Amino acid sequence: MKNARLLLFFLASLLGLFSCEKAEETKAPNIIIFYVDDLGYADLGCYGAKGVTTPNVDRLASNGVRFTDAHSTAATCTPSRYSLLTGSYAFRNDASILPGDAPLIIDTNGETIASAAKANGYSTAVIGKWHLGLGKGAIDWNKRISPGPAEVGFDYSFLIPATGDRVPCVYLENQQVVGLDPEDPITVDYNKKIEGLPVGSENPELLKVKADAQHNNTIVNGISRIGFMSGGSSAHWVDEEFPDVLVQKAQNFIENHKDSSFFLFFSFHDIHVPRIPHPRFVGKSEMGPRGDAIVQMDWTVGQIISQLEKLGLDKNTLVIFTSDNGPVLDDGYMDQAKELIGDHDPAGSFRGGKYSAFEAGTRVPTITYWPGRIKPLKSDAMISQVDLFTSLGKLMGPASPKGNPDSEDILKELLGESTTGKTYMIEESFDLALRKENWKYIRPKPGAVAYLESKDMETGMSETDQLYNLSDDPGETKNVAEQYPEITAELKKKLEEMVNR
Ligand code: NG6
Ligand code: CA
């Protein structure tokens, strides 16, 4: 009898143990997207960088999946971010690089990765660069600004509202300017000068770094920006403090939500211009500020990963590391990115870079990392950030997004369980291109972009059809459109079908 009772007790405690373990296992995984700005395909050690080392990101790559054919949806920031969050190609919404006072371009009645996460019980946050617009037009920066991240699924937001090189140069926490003195209200204007703060074109002696005419408006923290602002002195950010401020906000969020599932969209300012790393990173690469900003970015990743490890969350967290578009050297500030590049090739063997229709515009370093779940792998699967919406939705739980035909399920590829990848993928720049496996078709688009040409950047546009066979010509040097008229016609037709879907 006593034995039987003991046995029962033993069985019951085993059951208890199992159910407890089961509860642990079924807690939906945390998801962190590290979204670096303007990081090129070969700007990391694990992708062949020279002149800079990235030990923290390399560690993710050597223990996770390192993709060789992963893409942002566009060659610039706003459209890529739009697609990543909504699962919709940005040309459907005419999304292009936004000024810093533009209205929110995400439909507040639609779905985003964040709203899907919330529907599945996640806590959600965006920390860092936003650049998707805010409000409905004519923003009053002295009040809570709405709609914004909260209206598209983020419980918490801490933002650089547009870019580091655009006014207003203040942080927004939950859509309110941080540290604002009501006696010193903020005004922003993208068309005409506002009296108050000095302007780069008139006071170049105040500048830490010289800028071109497009980046020569209001000076904040010794850096001239795009656009004019006045007021808000107590709220002005200090560019050198970006990494510490953003890491602190991310670590607070993680600490506060360590017991629930969380989705963190960590959106770097690095390595976008102006590249003004914290003094402790200055000189830590051989390439001047652009390389030092890469070191700073790598440090940032290391800080957040080590916090996950300390809290024991790393084994239940999917980390996705990627970039919003390809590399650029001179993007408006004279920070010697070109002069100090040495034998580093930020685009690897690919042609073009940021803004360009050629591969380096959208082919970006991409790593997935999940200790215990993802095994080390180099994957040649073709994938796009537009697919994260559907794929992460599947991972997060039953309340998956309703779906968007642009966004395919590539969860198996993300987890390294398949290397099949997509068959077709649109690449956006000034116009559209279509990949079908290793064929790449670029739609004809006449016209030149003088500003980019003055800086020796290739748009990739041409007045005639372009077709490249990336299998034997990854550098897109031989246009074979005339040699393969059937393939050109097929891809052209398929692209039109996808556009008009
Ligand atoms: C461009 C800016 C460039 C950069 C870019 C946005 C000019 C001439 N150039 O318009 O410096 O800010 O916008 O970059 O204004 S992105 O990565 O956010 O797309
Ligand atoms: Ca960018």
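Residues numbered from 1 in each chain as written. Chains lettered and ligands numbered in written order. Predicted model: local features only at pLDDT ≥ 70, side-chain atom pairs only at ≥ 80, totals over all residues. Heavy atoms only, no water.

1. So, the overall build of the protein
We count it as follows: Per the convention used, a helix needs a DSSP run of H or I reaching at least four residues, while a strand needs a run of E reaching at least two, with both numbered from the N terminus. Restricting the calculation to C-alpha atoms gives the radius of gyration, and the globule rule supplies 2.2 Å times the number of residues raised to the power 0.38. Here's how the labels work: a residue is buried when its accessible area is under 20% of the maximum for its type, exposed when over 50%, partly exposed in between, all with a 1.4 Å probe on protein chains only. The contact criterion used throughout is that any non-hydrogen atoms of two residues lie within 4.5 Å. Note that His is not counted, nor are the chain ends; the positive residues are Lys and Arg, and the negative ones are Asp and Glu. Taken as the charge location is NZ of Lys, CZ of Arg, CG of Asp or CD of Glu.
Looking only at helices and strands, one finds ten helices and 18 strands in the protein. Against the compact-globule benchmark of 23 Å for 501 residues, the protein has a radius of gyration of 23 Å, which places it among compact chains. In terms of principal-axis extent, the alpha carbons of the protein reach across some 95 × 65 × 45 Å. The buried share of the protein, reckoned over its 501 residues, is 59%. Looking at the protein alone, contacts between residues at least 24 apart form 73% of all its contacts between residues at least 6 apart. Charged side chains in the protein number 50 positive and 69 negative. The centres of these two groups are separated by 6 Å.

2. Describing the pattern of salt bridges
Spelled out, the test is: Salt bridge, as applied in this entry: a Lys or Arg side-chain nitrogen positioned within 4 Å of an Asp or Glu carboxyl oxygen.
With the rule as written, the count across this model stands at 44 salt bridges. In this structure, D409 engages K394 in a salt bridge whose closest nitrogen and oxygen atoms are separated by 2.9 Å. Here D409 is found in the loop between α7 (388–396) and α8 (411–414), whereas its partner K394 is found in helix α7, with 15 residues between them in sequence. A salt bridge links K492 to D465; its shortest N-O distance comes to 3.2 Å. Residue K492 is located in helix α10 (residues 485–499), and its partner D465 is located in the loop between α9 (450–454) and β18 (466–469); the two are separated by 27 residues in the primary sequence. Among the ionic contacts, a cluster of salt bridges with common partners joins D69, E359, R363, E427, R435, K440 and E476.

3. Let's talk about the coordination of the calcium ion (ligand 2)
Using the following cut-off: Each metal's donors are the N, O and S atoms found within 2.8 Å of it, except that Na, K and Ca use a 3.2 Å limit; water is left out, so coordination can look incomplete. Under this scheme a four-donor centre is tetrahedral when all angles range from 85 to 135 degrees, a four-donor centre is square planar and a six-donor centre octahedral when opposite donors are above 155 degrees with the rest from 65 to 115, and any other centre is irregular.
In the first shell of the calcium ion (ligand 2), the protein supplies D37 (OD), D38 (OD), D324 (OD), D324 (OD) and N325 (OD1), at 2.1 to 2.7 Å from the metal. Geometry at the calcium ion (ligand 2) is irregular, judged from its six donor atoms and the angles of 51 to 175° they form at the metal. Expressed as a motif, the donor residue spacing for the calcium ion (ligand 2) is D-D-x285-D-N. Of the two residues, D37 and D38, both sit in the buried class.

4. Description of the domain arrangement of the protein
Counted only if it meets this: Where each domain begins and ends is defined by an automated method or by a domain database. The definition of a polar contact used here is a pair of N or O atoms within 3.5 Å, where within protein one atom must be able to donate a hydrogen and the other to accept one, and adjacent residues in sequence count solely through side-chain atom pairs.
The domain architecture assigned to the protein consists of domain 1 (28–188 + 231–422) and domain 2 (430–500). A separation of 27 Å is found between the C-alpha centroids of domain 1 and domain 2. Contacts between domain 1 and domain 2 engage 20 residues on the former and 23 residues on the latter. Viewed at the interface, domain 2 and domain 1 are joined by five salt bridges. Among the ionic pairs, D330 bridges to K455, the shortest N-O distance being 3.1 Å. Summed over the shared surface of domain 1 and domain 2, the result is 13 residue pairs in polar contact (both at pLDDT 80 or more).

5. A look at helix α3 (residues 77–86)
Among the ten residues of α3, ten are classified as buried, and the element is accordingly described as predominantly covered. If you check which residues of α3 are buried, you get C77, T78, P79, S80, R81, Y82, S83, L84, L85 and T86. Phi turns positive one or two residues past the end of α3, at G87, with a value near 75°.

6. Description of the site of ligand 1
Selection criterion: A single heavy atom is enough: if one lies within 4 Å of a molecule or strand, its residue is considered near that molecule or strand. Shrake-Rupley sampling with a 1.4 Å probe provides the accessible areas, and residues are treated as covered by the protein chains on show and by no other component. Residues are grouped as follows: nonpolar covers Ala, Val, Leu, Ile, Met, Phe, Trp, Tyr, Cys and Pro; charged covers Asp, Glu, Lys and Arg; every other residue, Gly included, is treated as polar.
In the vicinity of ligand 1 lie 19 residues, with D165, R166, H215, D331 and K354 positioned nearest. Between ligand 1 and the protein, one listed contact pairs an oxygen atom with a side-chain N or O atom of N325 at 3.5 Å. Within the backbone of D331, one N or O atom sits 2.8 Å away from an oxygen atom of ligand 1. When ligand 1 sits alone it has 440 Å² of accessible area, and the protein chains cover 90% of it. In the shell around ligand 1, the residues fall into five nonpolar, seven polar and seven charged.

7. Details of the pairing of strand β1 (residues 30–36)
For the record, the criterion: In short, DSSP must find at least two bridges between two strands for them to pair.
Buried residues dominate β1, accounting for seven of its seven residues. Along β1, one buried face is formed by N30, I32, F34 and V36 and the opposite face, lined by I31, I33 and Y35, is buried too. Here β1 runs beside strand β12 (residues 317–323); their pairing, made up of seven bridges, is parallel. Along β12, the bridge assignment pairs I32 with V319.

8. Examining the side chain of Q307
Within the secondary structure, Q307 sits in helix α6 (residues 289–310). In contact with Q307, not counting residues within four places along its chain, are Q251, I254 and E255.

9. Quick notes on the sheet that holds β18
Basically, it comes down to this: Fitted lines through C-alpha atoms give the axes, limited to the stretch in contact for helices. The angle between two N-to-C directions lies from 0 to 180 degrees.
Taken together, the four strands give an open sheet; going across it, the order is β15-β16-β17-β18, and neighbouring strands pair in antiparallel fashion. Sheet topology places β15 (424–428) and β18 at the edges, where each strand pairs with a single neighbour. For this sheet, the mean angle separating the axes of adjacent strands, direction not counted, is 20°. As judged from the four bridges shared by strand β16 (residues 432–436) and strand β17 (residues 439–442), these two strands associate in the antiparallel manner. In the strand pairing of β17, R435 is matched with K440. Against the sheet, α10 touches β15, β16, β17 and β18, its axis set at about 115° to β16.

10. A closer look at the nonpolar core
Selection criterion: For this analysis, a nonpolar core means a set of buried residues of the types Ala, Val, Leu, Ile, Met, Phe, Trp, Tyr and Cys, connected via side-chain atoms within 4.5 Å.
Judged by nonpolar contacts, the single largest core of 115 residues is most densely connected at I33, F34, W130, F263, L264, M297 and F321. Top contributing element to this core by residue count: α6, with eight residues. Residues L467, V480, L491 and M498 belong to the second largest nonpolar core, which totals 18 residues.

11. Observations concerning the packing of aromatic side chains
Condition: Any two of the Phe, Tyr and Trp rings considered here, Trp counted by its six-membered ring, make a pair once their centres fall within 6.5 Å; the pair's planes then place it as stacked at under 30 degrees, edge-to-face at over 60, or tilted in between. For a ring to carry a charge above it, either NZ of a lysine or CZ of an arginine must fall within 6 Å of the ring centroid while also lying within 35 degrees of the normal to the ring plane.
By the definition in use, this model includes 17 aromatic pairs. Seen from their ring centres, W130 and F154 are 6.1 Å apart, and the 85° between their planes marks the pair as edge-to-face. On the criterion of sequence distance, the pair formed by W130 in the loop between β3 (123–129) and β4 (156–160) and F154 in the loop between β3 and β4 is long-range, its members being 24 residues apart. Where Y171 meets F242, the ring centres are 6.1 Å apart and the plane angle is 65°; that geometry is what we call edge-to-face. One end of the pair, Y171, is in the loop between β4 and β5 (172–173); the other, F242, is in helix α5 (residues 242–256), with 71 residues separating them in the sequence. Note on F242: relative accessible area 3%, which makes it buried. Counting every residue linked through ring pairs, the aromatic cluster contains F158, Y171, W237 and F242. Over the ring of W299 we find R280, and its NZ or CZ is 4.6 Å from the ring centre. For the cation-ring pair, K494 lies above Y424, with the distance from its terminal atom to the ring centre recorded as 4.3 Å.

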